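Survey of secondary and tertiary structure
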Amino acid sequence: MKRLTVQLIIAILLTMSGIVLLFSGFWIDPQGLIDNSVLVAFGEISTFAGALFGVDYTYKFKIKNNE
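As the structure is a prediction and not an experimental result, all values here were calculated from the model. (Residues numbered from 1 in each chain as written. Predicted model: local features only at pLDDT ≥ 70, side-chain atom pairs only at ≥ 80, totals over all residues. Heavy atoms only, no water.)

Here we look at the overall build of the protein
The secondary structure content of the protein amounts to two helices and zero strands. By the burial criterion, 18% of the 67 residues in the protein qualify as buried. Considering only contacts in the protein between residues 6 or more positions apart, those separated by 24 or more positions represent 67%. (Helix = DSSP H or I, 4+ residues; strand = E, 2+ residues; numbered from the N terminus. Buried < 20%, exposed > 50% of the residue type's maximum accessible area, 1.4 Å probe, protein only. Contact = heavy atoms within 4.5 Å.)

Concerning a nonpolar patch on the surface
Together, Leu8, Ile12, Met16, Ile19, Phe23, Phe26, Trp27 and Ile28 give the surface a local cluster of nonpolar side chains, amounting to about 860 Å² of exposed area. Mapping Ile28 onto the fold places it in the loop between helix H1 (3-27) and helix H2 (36-66). (Patch = residues over 30% accessible without salt bridge, like charges linked within 9 Å, V, L, I, M, F, W, Y side chains within 5 Å. Areas by Shrake-Rupley, 256 points an atom, 1.4 Å probe, with all protein chains shown as cover. Salt bridge = Lys/Arg side-chain N within 4 Å of Asp/Glu carboxyl O.)

What about the UniProt feature "transmembrane region" (unreviewed entry) in the protein?
The UniProt feature table records "transmembrane region" (unreviewed entry) at residues 7-28 and 40-59. The straight-line gap between the two end C-alpha atoms of residues 40-59 is 29 Å; of that span, 100% is helix and 0% is strand. (UniProt positions renumbered as here; feature names shortened; annotations may be inferred.)

A look at the environment of Gly50
Looking at where Gly50 falls in the secondary structure, it is placed in helix H2. Between the C-alpha atom of Gly50 and that of Gly18, which follows or precedes it by 32 residues, the distance is 8.2 Å. Beyond its immediate chain neighbours, meaning those up to four positions away, Gly50 contacts Ala11, Leu14 and Thr15.

Rendered as structure tokens:
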């Protein structure tokens, strides 16, 4: 697989998992194992990392197509 394809897949997975964890942190009452703040914090980190991967992918794709 090409490097850009792998980067795009990772960006999508990180963003989607981050969004799921953000919503889970607000809707699911923890059973004493994982606190809401942990779910929300990890969700925010995953969403941010996915967004950075996505922005990087977009610029690399534009540069590659311009060459």
